[in-house]
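Each chain is listed here by its residues.
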Amino acid sequence: MSRIGRLPVVVPAGVEVTIAENNEVTVKGPKGTLEKALPREMDIKLEDGHVVVTRPSDLKKMKSLHGLTRTLIQNMVTGVSEGYEKVLEVNGVGYRAAKQGKKLVLSLGYSHPVEMEDPEGLESAVDGNKIIVKGIDKERVGQYAAEIRDKRRPEPYKGKGIKYADEVIRRKVGKTGKK
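Residues numbered from 1 in each chain as written. Predicted model: local features only at pLDDT ≥ 70, side-chain atom pairs only at ≥ 80, totals over all residues. Heavy atoms only, no water.

Caption draft 1: Structural context of the overall build of the chain. A tally of regular secondary structure across the chain gives two helices and 13 strands. In terms of overall dimensions, the chain is more spread out than a globule: its C-alpha atoms have a radius of gyration of 21 Å, far above the 16 Å expected for 179 residues. Evaluated residue by residue, the chain yields a buried proportion of 35% over its 179 residues. Expressed as a percentage of contacts within the chain between residues at least 6 apart in sequence, the contacts between residues at least 24 apart total 51%. Within the structure as shown, the chain displays about 11,300 Å² of accessible surface, and the carbon and sulfur contribution to it stands at 50%. Here the chain carries 34 positive and 25 negative side-chain charges, and the mean point of each set is 12 Å from the other. (Helix = DSSP H or I, 4+ residues; strand = E, 2+ residues; numbered from the N terminus. Rg over C-alpha atoms; globule rule 2.2 N^0.38 Å. Buried < 20%, exposed > 50% of the residue type's maximum accessible area, 1.4 Å probe, protein only. Contact = heavy atoms within 4.5 Å. Areas by Shrake-Rupley, 256 points an atom, 1.4 Å probe, with all protein chains shown as cover. Lys, Arg positive; Asp, Glu negative; His and termini not counted. Charge placed at Lys NZ, Arg CZ, Asp CG, Glu CD.)

Caption draft 2: Region of interest: the packing of aromatic side chains. Inspection of the entire model under this criterion finds zero aromatic pairs. Directly above the ring of Tyr164 sits Lys86, whose terminal nitrogen or CZ lies 5.1 Å from the centroid. Against the face of Tyr110 rests Arg152, its NZ or CZ located 4.4 Å from the ring centre. (Phe/Tyr/Trp six-rings, centres within 6.5 Å; stacked < 30°, edge-to-face > 60°. Lys NZ or Arg CZ within 6 Å of the ring centre and 35° of its normal.)

Caption draft 3: Layout of the sheet that holds strand E8 (residues 96-100). The three strands are arranged E8-E9-E10 in an open sheet whose pairing can be described as antiparallel. The strands lining the two open edges of the sheet, one partner per strand, are E8 and strand E10 (114-117). Strand-to-strand twist in this sheet, taken as the mean axis angle between neighbours without regard to direction, amounts to 25°. Pairing between E8 and strand E9 (residues 103-107): five bridges, direction antiparallel. Paired with Ala98 across the two strands is Val105, which belongs to E9. (Pairing = 2+ DSSP bridges. Axes fitted to C-alpha atoms, helices over the stretch in contact; angles between N-to-C directions.)

Caption draft 4: Highlighting the pairing of E9. Here E8 hands over to E9 after two residues, with Gly101 in that stretch at a positive phi of 65°. Counting the residues between successive antiparallel strands, the hairpin from E9 to E10 contains six residues, one of them, Gly109, with a positive phi of roughly 85°.

Caption draft 5: Seen up close, helix H1 (residues 60-81). The terminal C-alpha atoms of H1, which comprises 22 residues, lie 33 Å apart, in line with the 32 Å expected from a rise of 1.5 Å per residue. Looking at the residues trailing H1, positive phi occurs at Gly83, about 90°. (Expected span 1.5 Å × (residues − 1).)

Caption draft 6: Local environment of unusual backbone geometry. With a phi close to 60°, Asn22 is a non-glycine residue in the positive phi region. Looking at where Asn22 falls in the secondary structure, it is placed in the loop between strand E2 (16-19) and strand E3 (24-29). Under the relative-accessibility criterion, Asn22 is labelled partly exposed at 40%.

Caption draft 7: The pattern of salt bridges, seen in detail. Overall, the coordinates contain ten salt bridges when judged by the stated rule. Between Arg153 and Asp150 there is a salt bridge; the shortest N-O distance is 2.8 Å. (Salt bridge = Lys/Arg side-chain N within 4 Å of Asp/Glu carboxyl O.)

Caption draft 8: Focus on helix H2 (residues 138-150). With 13 residues, H2 should reach 18 Å at 1.5 Å per residue; the first-to-last C-alpha distance of 18 Å fits that figure. Residues of H2 that are buried: Val141, Tyr144, Ala145, Ile148 and Arg149. Buried residues of H2, viewed axially, fall in a sector of 140°; they line one side. The inward-facing, buried residues of H2 abut strand E7 (84-91), E9, E10, strand E11 (123-127), strand E12 (130-135) and strand E13 (161-164). Looking at where H2 begins, the residue whose side-chain oxygen comes 3.2 Å from the main-chain nitrogen of Glu139 is Asp137. (Arc of directions from axis to C-beta. Polar contact = N/O pair within 3.5 Å; in protein donor to acceptor, adjacent residues only side chain to side chain.)

What follows is the structure, given as structure tokens:
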């Protein structure tokens, strides 16, 4: 039995889960609504404030889908009740981030400023050298944060670039001069 898949998903107060045919799951909560089509093979049931996922057989594919399906439902419930956020740091001399309406303007040492439009349903905020991406869909928050980071990845010699707040950059020693 999948150790994660067998755990029931607790539905907090104020969150409503509906399971339509073909495993179309809709989760409504105080922060918004999320919909996702989950694997049809899994059996998803709503039982007294818990969502329970069961699998039809012990095939390898079914085992892997079992834990995945349960985690996707958990992420949707957490998203509509609490929301998700990713924090990025901008490090480097002259590197800065600013917000202009729904646009994130990054000065990253290129000849031009890099402008990024906030996707629908996500918002970004700038606090000093930190960029905070918030939203209810974990997948989209992580994707947008990764796209921001890709504009100038941290380099290992001086640590300049955009990195996640909890990321550790392995530093390298630069070359030494001649004697």
